[in-house]
Amino acid sequence: MVAAQRQTTAMRARYFEALMRQEMGWYDEQETGALTARIDDDVSKIQEALGDKLGSLIQFLSMFFAGMIVAFIYGWKLALVILSVTPLLVAVGFFFTKFMATAATQGQASYADAGSVAYEAIGLIRTVVSFGAQRLELERYNKLLDKAALVGIRSGRFNGVGMGLAMLIMFCTYGLAFWYGSELLRDGEIDPGDITTVFFSVIMGAMALGQAGPSMTSFANGRGAAVGVFNVLDRKSKIDSLSEEGAVPEKVAGRIEFRNVTFAYPSRPSEIVLRNFNLVINAGDTVALV
């Protein structure tokens, strides 16, 4: 947990630094509220995955392997029969984790968009009220929340189906173990005590593997949250404002000139704001542009 705290603290600092490096055109295509929400919400999910959940996963995996070793020592035939069902559990866990990672990414994107709308509406509340747009902003916010709610409901349903399948396979394994154990006991290949030892060793190991599920879910959520964070961290700005390359003049005295400037915002490239714009501002002039 100490290591996770250090990692995420450094990650927040690096993320904020990366935001400060980006050129202005990139911000025109981004939602400001979504960018700031990632510092708090997404990085917290990454911290959860790197912290106590990682320790729990190591604990439960150790229990699983220890149980398997004991089971094979006391009755390898019975242990193999019980483990024959393990691929089904692994398949269910694999698809469950993959779906949860996708759902986490979609959910984080929806909540980030909703947070951006709230950030803009509250930050420009005077403008919103002056135009009587309160209901419009509410509808925008609720629409994005409904999208996030649908993702959460779908995740919950899939979670229930996944847990149901896992428990079905588990209880079928119980029946298979006691049936085959009685067959081995009748043939004199195993003692009653060894049947109990093998059975509970495998079951405890399987239960530990099941308890590792929430940790895997946290890893999936952290992985989904990390996508947006590392996309910003890895992006190379077209104009690096923090770069120390080049020369900085001690003073500047002169005139400013725009010569045949054509400009459009990156979010609306087809809408030309300036077309062949020319302007000269001499030193000491005061100029107003309307």
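As the structure is a computational prediction, the values presented were derived from the model and not from experiment.

Here is what the cut-offs are and how they apply
Residues numbered from 1 in each chain as written. Predicted model: local features only at pLDDT ≥ 70, side-chain atom pairs only at ≥ 80, totals over all residues. Heavy atoms only, no water. Helix = DSSP H or I, 4+ residues; strand = E, 2+ residues; numbered from the N terminus. Rg over C-alpha atoms; globule rule 2.2 N^0.38 Å. Buried < 20%, exposed > 50% of the residue type's maximum accessible area, 1.4 Å probe, protein only. Contact = heavy atoms within 4.5 Å. Areas by Shrake-Rupley, 256 points an atom, 1.4 Å probe, with all protein chains shown as cover. Lys, Arg positive; Asp, Glu negative; His and termini not counted. Charge placed at Lys NZ, Arg CZ, Asp CG, Glu CD. Core = buried A, V, L, I, M, F, W, Y, C linked by side-chain atoms within 4.5 Å. Axes fitted to C-alpha atoms, helices over the stretch in contact; angles between N-to-C directions. Left-handed = near helix turned anticlockwise from the far one by under 90°. Nonpolar A, V, L, I, M, F, W, Y, C, P; charged D, E, K, R; others polar. Patch = residues over 30% accessible without salt bridge, like charges linked within 9 Å, V, L, I, M, F, W, Y side chains within 5 Å. Salt bridge = Lys/Arg side-chain N within 4 Å of Asp/Glu carboxyl O. Phe/Tyr/Trp six-rings, centres within 6.5 Å; stacked < 30°, edge-to-face > 60°. Expected span 1.5 Å × (residues − 1). Polar contact = N/O pair within 3.5 Å; in protein donor to acceptor, adjacent residues only side chain to side chain.

1. What to know about the overall build of the chain
Broken down by element type, the chain carries 10 helices and two strands. The linear arrangement of helices and strands in the chain, starting from the amino end, is α-α-α-α-α-α-α-α-α-α-β-β. Over its C-alpha trace the chain gives a radius of gyration of 30 Å, far above what one expects of a compact globule, namely 19 Å for 290 residues. Structurally, the chain occupies a C-alpha span of about 105 × 50 × 30 Å along its principal axes. A total of 290 residues make up the chain; the buried ones form 30% of that total. In the chain, 76% of the contacts between residues at least 6 apart in sequence involve partners at least 24 apart. Entry remark: accessible area of the chain is about 19000 Å², with carbon and sulfur atoms responsible for 62%. Between the centroid of the 26 positive side chains of the chain and the centroid of its 28 negative side chains there is a distance of 4 Å.

2. Observations concerning the nonpolar core
The biggest cluster of nonpolar side chains holds 15 residues, and the ones touching the most others in it are M68, A71, L78, I82, I190, V198 and V202. Among the secondary structure elements, those contributing two or more residues to this core are α4 (52–74), α5 (76–83), α8 (134–186) and α9 (192–211). Apart from the residues within four sequence positions on either side, I82 is in contact with T173, A177, V198 and V202. In this structure, M11, L35, I46 and V232 belong to the second largest nonpolar core, which totals 13 residues.

3. Looking at the packing of α5 against α9
Interaxial distance between α5 and α9 falls to 10 Å at its minimum, and their mutual angle equals 35°. For the element pair α5 and α9, the recorded crossing hand is right-handed. Residues L78, A79 and I82 of α5 lie in contact with α9, whose contacting residues are I195, V198 and V202. Per-class residue counts for the contact of α5 with α9 are six nonpolar, no polar and no charged.

4. Here we look at a nonpolar patch on the surface
Together, M63, F200, M204 and M207 make up an exposed nonpolar region whose accessible area comes to about 370 Å². Considering every element that reaches the nonpolar patch, the biggest residue donor is α9, with three residues. Of note, M207 is situated in helix α9.

5. Comments concerning the environment of G205
Its location among the elements puts G205 in helix α9. Classification of G205 as buried rests on a relative accessible area of 0%. In sequence terms G205 and S62 are 143 residues apart; their C-alpha atoms lie 8.7 Å from each other. Those residues in contact with G205 that sit more than four places away from it in its chain are M63, F64 and M68.

6. Structural notes on the pattern of salt bridges
Following the criterion strictly, the structure yields 10 salt bridges and no others. Among the ionic pairs, E120 bridges to R140, the shortest N-O distance being 4.0 Å. On the criterion of sequence distance, the pair formed by E120 in helix α6 (residues 86–123) and R140 in helix α8 is long-range, its members being 20 residues apart. Here E120 falls in the partly exposed class, since its relative accessible area comes to 30%. One salt bridge in this structure joins R259 and E257, with 3.1 Å as the shortest N-O distance. On the basis of relative accessibility, which here comes to 34%, the residue E257 falls in the partly exposed class.

7. As for the packing of aromatic side chains
Tallying each qualifying case throughout the model produces nine aromatic pairs. On the numbers, 5.3 Å between centres and 80° between planes, the contact of F199 with F200 is edge-to-face. What links up through ring pairs into an aromatic cluster is the set F171, Y174, F178, F199 and F200.

8. Section: α4
Taking 1.5 Å per residue, 23 residues should reach 33 Å; α4 reaches 33 Å between its end C-alpha atoms and fits that length. Packing partners of the buried residues in α4 comprise α5, α9 and α10 (213–234).

9. Examining the side chain of D42
Residue placement: D42 occurs in helix α3 (residues 32–50). The class of D42 is buried, set by a relative accessible area of 3%. Setting aside chain neighbours within four positions, we find D42 in contact with A37, Q108, A225 and V229.

10. Regarding the side chain of Q22
By secondary structure assignment, the location of Q22 is in the loop between α1 (2–21) and α2 (24–28). Within the structure, the side chain of Q22 is placed 2.9 Å from the backbone oxygen of A18, a separation counted as a polar contact. Reaching out from Q22, the side chain makes a polar contact with the side chain of R235 at a distance of 2.4 Å. In this view, Q22 contacts Y27, V232, R235, S237 and I239; residues no more than four positions away in its chain are not counted.

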